[in-house]
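Architecture at a glance
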Amino acid sequence: MKVFSKYVIIASLALSLVSSCRKKEQEVDDEKDSVTENFLASNIANDLASISDEAAKTNNVSSFKTEETNALLSSCAILHFDTLNHSNPDSVTVNFGTSNCLGNDGRTRRGSLLVIYNGKYKDSLTTITVIPQNYFVNDNGVSGSKTIKNLGRNASHNLVYEFNANITITKANNGGTFTWTSNRKREWIAGQTTLFNWLDDKYAITGSASGTNSNGRSYTSVITKPLIRDMSIGCRKYFTSGVISHIPINRPSRVIDFGDGSCDNKATVTINGKVYNITLN
């Protein structure tokens, strides 16, 4: 009888340990921080591209629309063009100052961006490099670089750009540091004929990314349904639709769905078949 009781106790302990491990594993599998970090990095990288778009489309200050309601740059952003006429490559520095500068998209920025481009924005094979310099978005520190290459027109006669980003983000309020490397393509699906009007621009983004989150866990991320970015007022801050499969190492994938095209800050994350509603920052 004592031997039997001993085995019962051992079995109970084993079941308890298995239950505890499963509970801990489920808690980790429910973790969505890496998803929000991936979105933050993607959003900041898109932000770099949008600002450089304004810088590279023309060599005229009016194209930056710094005081118009449909511009990304607000009146506190100062533009510094290179001093060499007809230099190649050309460059422009977008300086937001040392204090937070509120943009028309609702984000605050400080520091500067150096934008270097070797041709006209719409010319095939033009390459644009964006380098953050002591740069912050909503108090999140951004370092690294992003390159944008014009690949010409596709079969649908839409301009396609290749984006390669390698950035490190230090989260606000000592929230940790994470890295994000991406290779994406952006198809300009609407608004190509109105170069100086941002309101009708729309883009479809495909590709993949990888990195390490603030907890030290590496991940990969693949766009399985093109991400749509609508630049009209009220829409440009978030993707309006599209799906990403986000895969932390040794964990199930997280499927991020940005919705049906509505201009809002809502998305869903599906983990192990369970759907979570999230609010995008």
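It should be noted that the structure appears before, not after, this text.
Residues numbered from 1 in each chain as written. Predicted model: local features only at pLDDT ≥ 70, side-chain atom pairs only at ≥ 80, totals over all residues. Heavy atoms only, no water.

Quick notes on the overall build of the chain
- Per the secondary structure count, the chain includes 2 helices and 14 strands.
- Counting all 281 residues of the chain, 43% fall into the buried class.
- Put simply, of all contacts in the chain between residues at least 6 apart along the chain, 47% involve residues at least 24 apart.
- About 13800 Å² of surface is accessible on the chain, with carbon and sulfur atoms providing 53% of the total. (Helix = DSSP H or I, 4+ residues; strand = E, 2+ residues; numbered from the N terminus. Buried < 20%, exposed > 50% of the residue type's maximum accessible area, 1.4 Å probe, protein only. Contact = heavy atoms within 4.5 Å. Areas by Shrake-Rupley, 256 points an atom, 1.4 Å probe, with all protein chains shown as cover.)

Some points on the environment of K120
- With respect to the helices, strands and loops of the structure, K120 is situated in the loop between β4 (108-117) and β5 (127-137).
- For the pair K120 and D90, spaced 30 residues apart in sequence, the C-alpha to C-alpha distance is 9.9 Å.

Details of the state of the cysteines
- Considering all chains together, one arrives at 1 disulfide under this definition.
- A sulfur-sulfur distance of 1.7 Å marks the disulfide that ties C235 to C263. In this structure the cystine formed by C235 and C263 twists about its S-S bond by roughly 80°; its chirality is therefore right-handed. Within this pair, whereas C235 is found in the loop between β10 (218-230) and β11 (241-248), its partner C263 is found in the loop between β12 (254-260) and β13 (266-271), the two being separated by 28 residues in sequence. (Disulfide = S-S within 2.5 Å.)

Digging into the pairing of strand β9 (residues 202-212)
- In this structure, strand β8 (residues 177-190) lies alongside β9, joined through 11 bridges in antiparallel fashion. For W188, the partnering residue across the bridge sits in β9 and is Y203.
- Between β9 and β10, which follow one another and run antiparallel, lie 5 residues, and G216 among them has a positive phi close to 85°. (Pairing = 2+ DSSP bridges.)

Some thoughts on the pairing of β13
- Of the two faces of β13, the one holding A267, V269 and I271 is buried and the one holding K266, T268 and T270 is not buried anywhere.
- With 4 bridges connecting them, β12 and β13 associate as antiparallel partners. Looking at the pairing, I256 lines up with V269 of β13.
- Connecting β12 to the next strand, β13, in antiparallel fashion are 5 residues, including G261 with a positive phi near 110°.
- Note: β13 against strand β14 (residues 274-279), 6 bridges, orientation antiparallel. Following the sheet pairing, A267 is matched in β14 by I278.
- In this antiparallel pair of consecutive strands, β13 and β14, the connection spans 2 residues, and N272 shows a positive phi of 55°.

So, the environment of Y121
- Relative to the elements of secondary structure, Y121 occurs in the loop between β4 and β5.
- On the accessibility criterion, Y121 (1% relative accessible area) is buried.
- Along the primary structure Y121 and N150 are separated by 29 residues, whereas in three dimensions their C-alpha atoms are 7.6 Å apart.

Description of the side chain of R229
- One can find R229 in strand β10.
- Polar side-chain contacts of R229 include one of 2.8 Å to the side chain of S50. (Polar contact = N/O pair within 3.5 Å; in protein donor to acceptor, adjacent residues only side chain to side chain.)

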